[in-house]
Amino acid sequence: MSMNTQGRVTSPEASTFINVETVSGNKGLAQRELLIFEVGTPRRSGVDFPDIKGTKTRLGGMERESEIGLPGLSEPEVMRHYVRLSQKNFAIDLGVYPLGSCTMKHNPRLNEKMARLPGFADIHPLQPQSTVQGALELIDELADWICKLTGMPAVAMSPKAGAHGEMCGMMAIRAALDAKGADQKRRVLVPESAHGTNPATAVQCGFSIDSIPATDDGRVDMDALKAKLSDDVAGIMLTNPNTCGLFERDIIEIAKLIHGVGGYFYCDGANFNALVGRVRPGDLGIDAMHLNLHKTFSTPHGGGGPGSGPTVLSDALAPFAPVPYVVKKGGTYSLVENTDGSESFGRMTAFHGQMGMFTRALSYMLSHGSDGLKQATEDAVLNANYVQASLSDVMSPAYGGVCMHEALFDDSFLAGTGVDTLDFAKAMIDEGYHPMTMYFPLVVHGAMLIEPTESESKAELDRFIAVMRSLALKAKAGETEMFKQAPVHAPLRRLDETRAARKPVLRWRAETE
Ligand SMILES: *Cc1c(COP(=O)(O)O)cnc(C)c1O
């Protein structure tokens, strides 16, 4: 190896490195990390205990005779292992995370501070209710905000995720149909642009699915819907704004049609972040809708925390709501825990729901106020339209016109380049961006669904747009090989995804086993 006059290292090996220029200048620094079992040796430990002498065992012959099989590491090795692992997580705190439908918005630190208050964080669900009045009041106040924002009379707080909320709503619908003796009503209509969890939930609750096609502009085909209406229809599960990022403009008529055959209207409200403060679902004729506190109301999700899916219910469905729920009598809060003498369909979860997420969501609502929540909605929609408009000359928007909170592109701009949606997403990783949602919704070929959220500044959006433009132009300029190799800056490069899905290795085994 020798230094040339410019001070650059030249060596025969240097030329064997693939050196791909990135547009953003982002390059991975993440270090490769082995499994903790592979790093440690059983005899090493973070502390040094002297051998115990002269003490008689009190285990009565129950002592372990073989190795326990845990890894042994020193304290610095443990620290490095977990810090390196933490660096492998991409997070909203690291960069733009445009995963469509997932609403990866900033999680305000004020929420975290509130959730850590001992009166909320250090309590136990089985504590006497007289000692947790503040926590019950918080649940009640959050429920009140949710009812006001949605324009609905009741809310079940216990569902622990969006899909769990769907289950709550569909179980309430099932209970309401059973109470009427409407045994023939077992068919649920599900538009093609619904989220995948919708049909799964309906089937789980004992219904059959009937799919409704989308129109060329990405909405429910009303003629097809009307043709499917009959006495056996239990209801519809519709996502609004739908997974194409579009508002279902016929929603009021859809509600009327469904009610006209004695069915119920379930609306998937995971995208409520596009509506808060502008539209009240209760005014649209909805019977049940879940909210994702972990999307719309900024509580962390994915690797960052559990979900929470409170489900609002119309007057028709409210009597069937699950227990427990909070009631207030003469200044005292209590939880209704049993179903005796009521029509409640029962209990969905051990306790009352996700207390930490309730605290964060209420903190978000109170710190924004009703005007701030409306502003967040408007900014989210504006940001998505800015992305769509800025990329529409080099990429291909799936539908014309304005979008709601997410911008949807198809893969027609890549036609003839040899680059597909997956390759494009991989190239984004080299630029330091988490890929957008891909190949979903299914109604759009090679879909790329981008949800910037209101968290991103114009400068941040401009950087993202510049990178996306540049990648689109590179694809069109025939730099196909770069896309096929990507990512080259991620520690494990391009993974064999088919093998990972078909033959996952989920358990570490010692080589001697
Ligand atoms: C995220 C999402 C869901 C599911 O929510 P989970 O909390 O992941 O169960 C359902 N529908 C839509 C439209 C979503 O975006």
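Source: prediction; values computed, not measured.

Enquirer: I'm lost on the pairing of strand S8 (residues 288-291) in this one. Help?
Expert: Each regular strand shows side chains that alternate between the opposite faces of the sheet. Burial of the side chains of S8 extends over both faces: Ala288 and His290 are buried on one face and Met289 and Leu291 on the other. Relative to S8, strand S7 (residues 264-269) is paired through 4 bridges, and the arrangement is parallel. For glycine 269, the partnering residue across the bridge sits in S8 and is leucine 291. Here S8 pairs with strand S9 (residues 311-313) via 3 bridges, running antiparallel. Bridge assignment links methionine 289 to a residue of S9, and that residue is valine 312.

Enquirer: Sorry, what's going on with a nonpolar patch on the surface here?
Expert: A surface patch of nonpolar side chains, about 260 Å² in accessible area, is lined by Leu35, Phe37 and Trp508. Take phenylalanine 37: it is sitting in helix H1 (residues 36-39).

Enquirer: Got a minute to help me understand the confidence of the model for the chain in this structure?
Expert: Close inspection of predicted coordinates is inappropriate in any region flagged by low pLDDT. Summarising the model, the chain shows a mean pLDDT of 91, and 94% of its residues fall at 70 or more. Contacts of residues 1-17 to residues separated by more than four positions or lying in other chains number 9 contacts, the stretch itself having pLDDT below 50.

Enquirer: Which parts of the structure should I look at to understand helix H12 (residues 421-430)?
Expert: Within H12, 8 of the 10 residues are buried, which leaves the element mostly enclosed by the surrounding structure. Within H12, the full set of buried residues consists of Thr421, Asp423, Phe424, Ala425, Lys426, Ala427, Met428 and Asp430. Where H12 is buried, its residues touch strand S14 (437-438), strand S15 (448-450), helix H13 (458-476), helix H14 (480-485) and helix H15 (497-502). Within two residues after H12, glycine 432 carries a phi angle of roughly 85°, on the positive side.

Enquirer: How should the sheet that holds strand S5 (residues 208-212) be read in this particular structure?
Expert: Backbone hydrogen bonds hold the strands of a sheet together, and the pairing may be parallel or antiparallel. Spatially, S3-S9-S8-S7-S6-S4-S5 is the arrangement adopted by the 7 strands of the open sheet, whose pairing is mixed. Where the open sheet ends on each side, the last strands, each with one partner, are strand S3 (154-156) and S5. Mean inter-strand twist for the sheet, computed between neighbouring axes without regard to direction, equals 25°. Against the sheet, helix H6 (residues 162-179) touches S3, strand S4 (187-191), strand S6 (233-239), S7, S8 and S9, its axis set at about 175° to S7. The sheet strands contacting helix H7 (residues 197-204) are S4, S5, S6 and S7, and the helix crosses S6 at an angle near 155°.

Enquirer: Help me out: how do you make sense of the site of the ligand in this one?
Expert: Ser101, Gly162, Asp268, His294 and Lys295 are the nearest of the 13 residues found near the ligand. Contact distances for the ligand include 2.7 Å between an oxygen atom and a side-chain N or O atom of histidine 294. Protein contact buries 84% of the 380 Å² of open area that the ligand shows by itself. Among the elements that line the shell around the ligand, the one with the most residues is H6, at 3 residues.

Enquirer: Would you explain unusual backbone geometry in this entry?
Expert: Note on backbone geometry: most residues besides glycine have negative phi, and most peptide bonds are trans. Cis rather than trans, the peptide bond between valine 323 and proline 324 has omega equal to 0°. Even without being glycine, threonine 453 reaches a positive phi, approximately 65°. Residue position: threonine 453 is located in the loop between S15 and H13.

Enquirer: Before we go on, may I ask you to explain the sheet that holds S14 in this structure?
Expert: Reading across the sheet, the 4 strands line up as S12-S13-S15-S14 and stay open at both edges, with antiparallel pairing between neighbours. The two strands at the open ends of the sheet, each matched to only one other strand, are strand S12 (396-397) and S14. In this structure, S14 lies alongside S15, joined through 2 bridges in antiparallel fashion. Paired with threonine 437 across the strands is leucine 449, a residue of S15.

Enquirer: Would you explain the nonpolar core in this entry?
Expert: Soluble globular proteins tend to pack their nonpolar side chains together in the buried interior. Among the nonpolar cores identified, the biggest contains 56 residues, and Leu142, Ile146, Leu225, Ile236 and Phe297 are the most heavily contacted of them. Those elements giving two or more residues to this core turn out to be helix H5 (133-150), helix H8 (222-227), S6, helix H9 (251-260), S7, S8, strand S11 (332-336) and helix H11 (355-391). Ignoring any residue separated from it by four or fewer positions in sequence, one finds isoleucine 146 in contact with Val155, Met157, Leu291, Leu293, Pro310, Val312 and Met365. Grouped together as the second largest cluster of nonpolar side chains are 31 residues, Ala427, Met448, Phe464 and Ile465 included.

Enquirer: Whenever I open this one, the packing of aromatic side chains confuses me. Can you help?
Expert: For any pair of aromatic rings, the description consists of the separation of the ring centres together with the inter-plane angle of the planes. As enumerated under the stated definition, the model contains 6 aromatic pairs in all. Geometrically, the ring pair formed by phenylalanine 297 and tyrosine 364 is edge-to-face, given 6.3 Å between the ring centres and 70° between the ring planes. Taken together, the residues phenylalanine 297 in the loop between helix H10 (293-296) and S9 and tyrosine 364 in helix H11 connect sequence positions 67 residues apart. The exposure class assigned to tyrosine 364 is buried, which follows from its relative accessible area of 3%. Ring centres 5.2 Å apart and planes at 75° place the aromatic pair tyrosine 433 and phenylalanine 464 in the edge-to-face group. Note that tyrosine 433 is positioned in the loop between H12 and S14 and phenylalanine 464 in helix H13, a separation of 31 residues in sequence. Each member of the pair, tyrosine 433 together with phenylalanine 464, is buried.

Enquirer: What's the story with the side chain of serine 314 in this structure? I'm lost.
Expert: Tracing the backbone through its elements, the reader meets serine 314 in the loop between S9 and strand S10 (325-329). Not counting chain neighbours up to four residues away, the residues in contact with serine 314 comprise Met152, Pro153, Ile286 and Asp287.

Enquirer: Explain the pairing of S5 to me, please; I cannot follow it from the model alone.
Expert: Across 5 bridges, the pairing between S4 and S5 is parallel. Residue valine 188 lies in a different strand from S5, and its bridge partner there is isoleucine 209. Note that the unit made of S4, H7 and S5 has a crossover that is right-handed.

Enquirer: Can you help me understand the packing of H12 against H13 in this one?
Expert: How two helices pack is summed up by the angle between their axes together with the distance between the axes. Put simply, H12 and H13 touch, their axes get as near as 11 Å, and they point 130° apart. Classified by the angle their axes make, H12 and H13 are oblique. Here H12 and H13 pass one another in a crossing that is right-handed. Counted together, Phe424, Ala427 and Met428 of H12 and Phe464, Met468, Leu471 and Ala472 of H13 form the full contact between these two elements. Residue composition of the contact of H12 with H13, by class: 7 nonpolar, no polar and no charged.

What counts and how
Residues numbered from 1 in each chain as written. Predicted model: local features only at pLDDT ≥ 70, side-chain atom pairs only at ≥ 80, totals over all residues. Heavy atoms only, no water. Buried < 20%, exposed > 50% of the residue type's maximum accessible area, 1.4 Å probe, protein only. Helix = DSSP H or I, 4+ residues; strand = E, 2+ residues; numbered from the N terminus. Pairing = 2+ DSSP bridges. Patch = residues over 30% accessible without salt bridge, like charges linked within 9 Å, V, L, I, M, F, W, Y side chains within 5 Å. Areas by Shrake-Rupley, 256 points an atom, 1.4 Å probe, with all protein chains shown as cover. Salt bridge = Lys/Arg side-chain N within 4 Å of Asp/Glu carboxyl O. pLDDT = per-residue confidence, 0-100. Contact = heavy atoms within 4.5 Å. Axes fitted to C-alpha atoms, helices over the stretch in contact; angles between N-to-C directions. Near = heavy atom within 4 Å. Polar contact = N/O pair within 3.5 Å; in protein donor to acceptor, adjacent residues only side chain to side chain. Core = buried A, V, L, I, M, F, W, Y, C linked by side-chain atoms within 4.5 Å. Phe/Tyr/Trp six-rings, centres within 6.5 Å; stacked < 30°, edge-to-face > 60°. Right-handed = clockwise from strand over helix to strand, strands pointing away. Parallel < 35°, antiparallel > 145°, perpendicular 65-115°, else oblique. Left-handed = near helix turned anticlockwise from the far one by under 90°. Nonpolar A, V, L, I, M, F, W, Y, C, P; charged D, E, K, R; others polar.

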